[in-house]
Amino acid sequence: MVVGEAEGLWPGVLEDIERGQARGIYRSAAPPDLAGTPVPRRDLLRNTARRYATVHAVQTGRGCTHKCRFCSITAFFGASHRVRPLENVLAELHDSPRNFMFVDDNIIADRPYARRLFHAMIPMQKRWISQCSLEIADDPELLDLARRAGCRGLFIGIETISQGNLTALEKGFNDSHGYARRLRRIRRAGIGVQAAIIVGLDRDDVTVFERTLRFLQRCRIDALQLAVLTPLPGTPLYDDFEAAGRILDRDWEHYDYRHVVIRPRRMSPRELQDGADWLYRQFYRWDRVALRMLRATAALGPVAAWLIWKLNRTYRYDNRRERIVGRNPARPDSIAARIVRRLWDALGDAHDRMTRNRVGRPADEL
Ligand code: SF4
């Protein structure tokens, strides 16, 4: 087993296996130099490429210099960022399909590098998505360059609508007071936004779910990746929860951001689970997905809208497959509200069934 990055280790692993002398665990003594990262043989995956978005993935660098307490990236790479030589990346991009994704943890982590990369990409006329910090909104020139280089969507760690939570997570630089303005700038540049949101943080009470849903709608967020607060081993957040005796569940299968594994501070574990499920379900309600699509087509153009449609369909599919319903713990349902909600959901389910052939397994087509 290789723990950590495989470059530099992999040839030795294969040799050991060929000699029948595989050692148990392999670890790099130091982070490898990314100049030696080979270009993947994507041609070997031609038959499966249609099914997996990550086949068309390109990486320019690894890591992030921020130190957010919950983040596995910092725990894995340290608070550092390394890039591949730009000429290697550009050579790989020349042979990549028109639509692809950057799998960097933060595509603007090294801004001078990102500027050079985006400049060089403009004539290529590619279309891509990536992970990125919200800080791109504060740099209009970089934002414009990203769009001209083909950026159509960004996955951004908003995390929480509470500045107190951000400060506690050591992610105060996100500045919750400026969310609306900064997100508007990104969308005005013609780039869609998928937000990563965490619920169950120490300043969250039972009202957080409804407030977050309203915020996401107000800021016209195009897709949501919702996480129940999960302290991953190796992160400072895990140490905090361990020291406070607030870890309730050590079954690692439940560390999937969908299950409650900690004792929240301002609500019960049951309320957190119900509220997170409710928020997830509500965001991907079929009428909201339809509205989002219309809005994205008008505001971002057909390519971004198509991408957003695929993402929404995938999350909605997951939502239904796991039979997520939830309940808003801040507002107990009346019987009448429950009946109306069930009817509304049934209507959405009927629509999904009618389009089943096309809905199929949307994750495959991303
Ligand atoms: S900015 Fe994002 S990638 Fe960087 S440490 Fe924070 S959460 Fe992790």
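That block above? That's the structure.
Everything quoted here is computed from the prediction, not taken from an experiment.

How each quantity is defined
Residues numbered from 1 in each chain as written. Predicted model: local features only at pLDDT ≥ 70, side-chain atom pairs only at ≥ 80, totals over all residues. Heavy atoms only, no water. Helix = DSSP H or I, 4+ residues; strand = E, 2+ residues; numbered from the N terminus. Rg over C-alpha atoms; globule rule 2.2 N^0.38 Å. Buried < 20%, exposed > 50% of the residue type's maximum accessible area, 1.4 Å probe, protein only. Contact = heavy atoms within 4.5 Å. Lys, Arg positive; Asp, Glu negative; His and termini not counted. Charge placed at Lys NZ, Arg CZ, Asp CG, Glu CD. Near = heavy atom within 4 Å. Nonpolar A, V, L, I, M, F, W, Y, C, P; charged D, E, K, R; others polar. Axes fitted to C-alpha atoms, helices over the stretch in contact; angles between N-to-C directions. Parallel < 35°, antiparallel > 145°, perpendicular 65-115°, else oblique. Left-handed = near helix turned anticlockwise from the far one by under 90°.

Before going further, it helps to examine the overall build of the chain. Looking only at helices and strands, one finds 15 helices and ten strands in the chain. Relative to the compact-globule value of 21 Å for 366 residues, the chain shows a C-alpha radius of gyration of 22 Å, a close match. For the chain, the spread of C-alpha atoms along the three principal axes comes to 65 × 50 × 40 Å. The 366 residues of the chain split such that 48% are buried. Contacts in the chain between residues at least 24 apart in sequence constitute 71% of all its contacts with a sequence separation of at least 6. If the 61 positive side-chain charges of the chain are averaged to one point and the 45 negative ones to another, these points end up 7 Å apart.

Around the ligand sit Cys-64, His-66, Cys-68, Phe-70, Cys-71, Thr-74, Lys-171 and Phe-173, and that is every residue in its neighbourhood. When its residues are assigned to classes, the shell around the ligand shows five nonpolar, two polar and one charged.

Glancing now at the side chain of Arg-246. Residue placement: Arg-246 occurs in the loop between α9 (236-243) and α10 (269-283). Judged by its relative accessible area of 10%, Arg-246 falls in the buried class. When near neighbours in sequence (up to four residues on either side) are disregarded, Arg-246 contacts Asp-202, Phe-241, Val-261, Ile-262, Arg-263, Pro-264 and Arg-265.

In this section: the packing of helix α8 (residues 208-218) against α10. Contact geometry of α8 with α10 gives a least axis separation of 9 Å together with a crossing angle of 20 degrees. The orientation of α8 with respect to α10, classified from their angle, is roughly parallel. With respect to the hand of their crossing, α8 and α10 are arranged in right-handed fashion. Where α8 approaches α10, its residues Phe-209, Glu-210, Thr-212, Leu-213 and Leu-216 are matched on the opposing element by Glu-271, Leu-272, Gly-275, Ala-276, Trp-278, Leu-279, Gln-282 and Phe-283. Here the contact of α8 with α10 is built from residues that sort into eight nonpolar, three polar and two charged.

Moving on, we come to the packing of helix α11 (residues 286-300) against helix α12 (residues 302-321). The interhelical angle for the contact between α11 and α12, taken along N-to-C directions, is 165 degrees, at an axis separation of 8 Å. Comparing their axes, α12 and α11 come out roughly antiparallel. Handedness of the α11/α12 crossing: right-handed. Packed against α11, whose contacting residues are Trp-286, Val-289, Arg-292, Met-293, Ala-296, Thr-297 and Leu-300, the element α12 presents Pro-302, Ala-304, Ala-305, Ile-308, Trp-309, Asn-312 and Arg-316 at the interface. Here the contact of α11 with α12 is built from residues that sort into ten nonpolar, two polar and two charged.

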